[in-house]
Amino acid sequence: SIKTGDTLLIIESETLKAQKKSIQTKIREITLEIGDLEKLVRINPDDSIFLKSGFRTERYYSEYSRMRNSIAIQALKCQKAKSEFERNRQLHEELLIADSEFENIQFSYNSENENMHQIFNSEISKWNSELSERKNENTSLVADLESCLEQMKNRVIVASMGGEIISSSEIQPGTIVNANQQVAQ
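It should be emphasised that the depicted structure is a prediction, and the values quoted were computed from it without experimental measurement.

Trainee: Is there a simple way to explain the pattern of salt bridges in this structure?
Mentor: Oppositely charged side chains can pair when the atoms bearing their charge come close. Applying the stated rule across the entire model yields 10 salt bridges. Ionic pairing is found between lysine 17 and glutamate 12, a salt bridge with its closest N-O pair at 2.9 Å. Classification of lysine 17 by relative accessible area gives partly exposed; the value is 36%. A salt bridge links glutamate 63 to lysine 126; its shortest N-O distance comes to 3.0 Å. In this pair, glutamate 63 is assigned in helix 2 (residues 58-93) and lysine 126 in helix 3 (residues 99-153), connecting sequence segments 63 residues apart. The class for lysine 126 is partly exposed, based on a relative accessible area of 32%. Salt bridges sharing common partners tie together Arg59, Glu63, Glu123, Lys126 and Glu130.

So this is what it looks like as structure tokens:
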């Protein structure tokens, strides 16, 4: 006995199954990347160092570590430039060095500070751009997944009414079934 809405036949598609699995895997990966990127775009130059366990992807932990190393190297350059600036400022106040020499040292100090901020701002800008790309990619993949699921749903034949099946046609894999073709009585 068949009831209305009972599944009569499912037309399997290995291609659709593989497509669904692939899309779901990509969505999981992108979701992890989005989580890391959202964390990265919110950091401040003065934030404490994040632990590797705080990241869900190796890629963004590596990028974060490279940025931190670059900033640390630049901070040493800034510290050296600051010491030189302070030393020469005192000499300049005592009129022991020329204005042009002091201005060059001051410019060097300011440049080193600006370089450190530029390293940070450049990475944040890149991560913001990647975050936007990943979110767009995720939206597209979710739409692809919904389309794939809809195609799979359309491969399920359900009873439009209740009753008894008296006979059914032999439908084998590879058999073409047309719309409105009677497959059972």
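Trainee: Even after reading the chapter, I still don't get unusual backbone geometry, so can you show me in this structure?
Mentor: Backbone phi values are negative for most residues with the exception of glycine, while trans is the configuration of most peptide bonds. We note that leucine 95 has phi near 60°; this positive angle belongs to a residue other than glycine. The topology assignment puts leucine 95 in the loop between helix 2 and helix 3.

Trainee: Can you walk me through the side chain of glutamate 63 in this structure?
Mentor: Since its relative accessible area comes to 7%, glutamate 63 is described here as buried. Beyond its immediate stretch of four places on either side in the chain, glutamate 63 contacts Lys126, Trp127 and Glu130.

Trainee: How should helix 1 (residues 14-41) be read in this particular structure?
Mentor: Since there are 3.6 residues in each turn of an α-helix, residues three or four apart along the chain are aligned in direction. Look at helix 1: 40 Å from first C-alpha to last across 28 residues, which is about the 40 Å you get at 1.5 Å a residue. Within helix 1, burial applies to Leu16, Ile23, Ile27, Ile30, Glu33, Ile34, Asp36, Leu37 and Leu40. On the buried face of helix 1, the contacting elements are helix 2 and helix 3.

Trainee: What exactly am I supposed to notice about the nonpolar core here?
Mentor: What tends to happen in soluble globular proteins is that the nonpolar side chains get buried as a cluster. With 20 residues, the main nonpolar core has Leu40, Ile43, Tyr60, Tyr64, Met67, Phe120 and Trp127 as its most contacted residues. Looking at this core, the elements that each hand over two or more residues are helix 1, helix 2 and helix 3. A total of 7 residues in this core trace back to one element, the largest contributor, which is helix 3. With residues up to four places along the chain from it excluded, the contact list for methionine 67 reads Ile43, Ile119, Phe120, Glu123 and Trp127.

Conventions we followed
Along each chain, residues carry numbers from 1 onward, in the same order as the chain's sequence is written. Confidence filtering applies because this is a predicted model: local features only for residues at pLDDT of at least 70, side-chain atom pairs given and counted only at 80 or more, and all residues used for totals across whole chains, interfaces and linings. The basis for the side-chain values is all heavy atoms of the structure; hydrogens and waters are excluded. Here, a salt bridge means any Lys or Arg side-chain nitrogen found within 4 Å of an Asp or Glu carboxyl oxygen. Residue burial is assigned from relative accessible area. The probe radius is 1.4 Å, only protein chains are included, and a residue is buried under 20% of its type maximum, exposed over 50%, and partly exposed in between. A run of H or I in DSSP becomes a helix once it reaches four residues, and a run of E becomes a strand once it reaches two; helices and strands are each numbered from the N terminus. Contacts between residues were defined by any pair of non-hydrogen atoms, one from each residue, lying within 4.5 Å. What a helix should span is 1.5 Å times the count of its residues minus one. Side-chain atoms within 4.5 Å are what join buried Ala, Val, Leu, Ile, Met, Phe, Trp, Tyr and Cys residues into a set we call a nonpolar core.

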